[in-house]
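Residue strings, one per chain:
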Amino acid sequence: MSGSEQRDDTGLKARMRDRQALTGAFVPAPSPELVEIAAHAGYDFVVLDAEHGPLDFADIRHMIRAAQAVGVPVLVRVPTASKEFIGRVLDSGADGILVPQVSSVEEARAAVSQALYPPAGARGAAFYARAYGYTRRSGWDALDHVQDKVVVGVMLETPQAIEQARAISETPGVDFVLLGTGDLSVTLGRGEHNPAALASAVAQVAALARAGAIPFGASATDRASAAPYLDSGFRIIVVGLLPLLLRSAAALCADIRAARP
């Protein structure tokens with residue numbers, strides 16, 4: 001029996017549906033070991049970053065294997081909501097996708113369409129893929145099981161996305177929304193009103209996070225930066241694993257240097 005057969009794959013989507021507080025780790029480097037470290041550290045899920053990280057499909061498959069081996073749900077931040085990319089990562093066994101730069105309902109629907117099977121979407125079925133144990137699981141029951149567990153997340157990173165945030169979050173098939181404040185700050189412009197505009201956008205999304213039917217999330221670097229989001233109704237916090245490791249390593253290095261006579 002494979003690792004994917006041994007796992008309970010209903011967990012992450014169900015926890016999101018219940019609006020549980022979750023913490024995820026972005027893993028942008030092609031390293032199964034980093035996925036294992038994130039799992040052992042206690043993260044609720046990992047996100048393989050194929051938008052900015054140098055990951056190819058072979059890297060993604062090995063990292064998915066690592067996630068399944070240690071029992072942590074694994075999403076893939078895809079570079080684009082294309083049939084070629086989304087279908088391949090899900091067929092490789094990923095629990096779901098995170099689609100960046102979603103600024104309209106049409107783009108949200110496109111992401112859902114590529115992730116889900118008909119009638120909810122347009123994903124093609126391939127039972128010989130890894131996600132189905134290379135045909136060990138086939139037929140309608142197998143499709144329904146995958147349909148019930150696949151997580152679809154979208155990122156709001158533009159002023160247009162903020163304007164459409166409610167409609168995007170209410171798009172059938174979208175399971176969670178992640179606010180991308182880094183890109184949002186850039187797309188708002190570099191003028192003197194940028195901080196105020198960013199704060200206003202965050203406040204608009206926070207209002208939806210408190211009242212919305214699906215969970216909203218944001219990125220943070222530590223407890224202090226996560227606290228305002230959690231206090232505002234955000235249920236998901238995602239942190240970058242590499243910056244966190246770098247800060248910890250740099251602090252330890254500085255402490256050791258300071259202790260030398």
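Up top is the structure.
For the structure given in this document, a descriptive report is provided here. Bear in mind that the values here come from a model prediction, so they are computed numbers and not experimental data. (Residues numbered from 1 in each chain as written. Predicted model: local features only at pLDDT ≥ 70, side-chain atom pairs only at ≥ 80, totals over all residues. Heavy atoms only, no water.)

1. Re the environment of Ile 168
Alright, step 1. With respect to the helices and strands, the residue Ile 168 is situated in helix H9 (residues 165-169).
Alright, step 2. Under the relative-accessibility criterion, Ile 168 is labelled buried at 0%.
Alright, step 3. The spatial distance from the C-alpha of Ile 168 to the C-alpha of Glu 107 is 8.6 Å, given a sequence separation of 61 residues.
Alright, step 4. Those residues in contact with Ile 168 that sit more than four places away from it in its chain are Val 102, Ser 103, Ser 104, Val 105, Ala 108, Val 154, Leu 156, Ala 161 and Val 174. (Helix = DSSP H or I, 4+ residues; strand = E, 2+ residues; numbered from the N terminus. Buried < 20%, exposed > 50% of the residue type's maximum accessible area, 1.4 Å probe, protein only. Contact = heavy atoms within 4.5 Å.)

2. Observations concerning the pairing of strand E1 (residues 22-27)
Alright, step 1. In terms of burial, E1 is a largely internal element, five of the six residues being buried.
Alright, step 2. Pairing analysis gives five bridges linking E1 to strand E8 (residues 236-240), with the strands arranged parallel. Within E8, the residue paired with Thr 23 across the bridge is Ile 237.
Alright, step 3. Crossover E1 to strand E2 (residues 45-49) through helix H3 (residues 32-41) is right-handed. (Pairing = 2+ DSSP bridges. Right-handed = clockwise from strand over helix to strand, strands pointing away.)

3. Overview of unusual backbone geometry
Alright, step 1. Residue Pro 119 is bonded to the preceding Pro 118 through a cis peptide linkage, with omega at 5°.
Alright, step 2. Along the chain, the position of Pro 119 falls in the loop between helix H6 (105-115) and helix H7 (140-149).
Alright, step 3. Despite not being glycine, Arg 19 has its phi angle at roughly 60°, a positive value.
Alright, step 4. As for its placement among the helices and strands, Arg 19 is situated in the loop between helix H2 (11-17) and E1.
Alright, step 5. Taking the relative accessible area as the measure of exposure, Arg 19 reaches 21% and is therefore partly exposed.
Alright, step 6. Of note in the backbone geometry, Gln 101 takes a positive phi value of approximately 55° without being a glycine.

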